[in-house]
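Inside the fold
Each chain, written out:
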Amino acid sequence: MSSLAYSVDFRHSNGNMHVDVSGEFNQNTAEAILEILQSAYTGSGRIFIDTVKINSIAESGAEYFKSAFAAINIPAAILFFKGEKGRNIGPNGSKLLLIKERDKKAHTGCCGKCKNCTCKNHHV
């Protein structure tokens, strides 16, 4: 679901649901996320909501999400917000995952433990 102000997409992976949110977080964004949760959550696994690409949060949108989430049949304990902005959006009982920003030049995706690793000295 998307509009000019926001975008909400989801996917399922390894038994979990992943929701990507970008743009402005307002009541319309909250309603879109709640609609996706109600229609696409399978009833098992965790739900991860990525907040890193959210530009701004309207207080009314965050409050609406918290109160409306309480009315749907999904426990807050399986809800994980990825990124600092999740602190303002997440309902009581949900979890916050803070993701450390990595130096993209230094990190190539290699673990640095390969037998003939050429980037071992570049890992953070």
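Residues numbered from 1 in each chain as written. Predicted model: local features only at pLDDT ≥ 70, side-chain atom pairs only at ≥ 80, totals over all residues. Heavy atoms only, no water.

Along its length, the protein chain carries three helices and five strands. Ordered by position from N to C terminus, the α and β elements of the protein chain give β-β-α-β-α-β-α-β. The buried share of the protein chain, taken over its 124 residues, is 40%. A fraction of 54% describes how many contacts in the protein chain between residues 6 or more apart in sequence connect residues 24 or more apart. Carbon and sulfur atoms make up 48% of the accessible area of the protein chain, which totals about 7800 Å². (Helix = DSSP H or I, 4+ residues; strand = E, 2+ residues; numbered from the N terminus. Buried < 20%, exposed > 50% of the residue type's maximum accessible area, 1.4 Å probe, protein only. Contact = heavy atoms within 4.5 Å. Areas by Shrake-Rupley, 256 points an atom, 1.4 Å probe, with all protein chains shown as cover.)

Applying the stated criterion to the full structure yields four aromatic pairs. Here Phe65 and Phe69 contribute two aromatic rings whose centre-to-centre distance is 5.9 Å and whose plane-to-plane angle is 25°, an arrangement assigned as stacked. Here the residue Phe65 and the residue Phe69 both occupy positions in helix H2 (residues 59–69), the gap between them amounting to four residues, near one helical turn. Per residue, the accessibility class of Phe65 equals that of Phe69, and both read buried. Joined through ring pairs, the aromatic side chains of Phe25, Phe65, Phe69 and Phe81 make up one cluster. (Phe/Tyr/Trp six-rings, centres within 6.5 Å; stacked < 30°, edge-to-face > 60°.)

Below, the discussion takes up the confidence of the model for the protein chain. Looking at the protein chain, pLDDT values average 86 and 79% of them are 70 or higher. The model gives residues 103–107 a pLDDT under 50, and that stretch makes five contacts with residues more than four places away or in other chains. (pLDDT = per-residue confidence, 0-100.)

Turning our attention to the packing of helix H1 (residues 27–40) against H2. Any two packed helices are characterised by the angle at which their axes cross and by the distance between the axes. Orientation of H1 relative to H2, taken along the N-to-C sense of each, is 25°, at an axis distance of 8 Å. Here H1 lies roughly parallel to H2, going by the angle between them. Crossing angle aside, the handedness with which H1 passes H2 is right-handed. For the pair formed by H1 and H2, the contact residues are Gln27, Ala30, Glu31, Ile33, Leu34 and Leu37 on the first element and Gly61, Tyr64, Phe65, Ala68 and Phe69 on the second. Residues belonging to the contact of H1 with H2 are distributed by class as follows: eight nonpolar, two polar and one charged. (Axes fitted to C-alpha atoms, helices over the stretch in contact; angles between N-to-C directions. Parallel < 35°, antiparallel > 145°, perpendicular 65-115°, else oblique. Left-handed = near helix turned anticlockwise from the far one by under 90°. Nonpolar A, V, L, I, M, F, W, Y, C, P; charged D, E, K, R; others polar.)

Attention now goes to the environment of Thr42. Tracing the backbone through its elements, the reader meets Thr42 in the loop between H1 and strand E3 (47–57). Here Thr42 falls in the exposed class, since its relative accessible area comes to 58%. For the pair formed by Thr42 and Asn16, sequence separation is 26 residues and the distance between their alpha carbons is 8.9 Å.

Counting buried positions along strand E2 (residues 16–25) yields seven of ten residues, so the element is predominantly enclosed. Counting the residues in the hairpin turn of strand E1 (residues 6–13) and E2 gives two residues, including Asn14, whose phi is positive at 50°. With eight bridges connecting them, E2 and E3 associate as parallel partners. Each residue of the ladder has a partner; that of Asp20, found in E3, is Asp50. Viewed along the sheet, the connection from E2 through H1 into E3 turns out right-handed. (Pairing = 2+ DSSP bridges. Right-handed = clockwise from strand over helix to strand, strands pointing away.)

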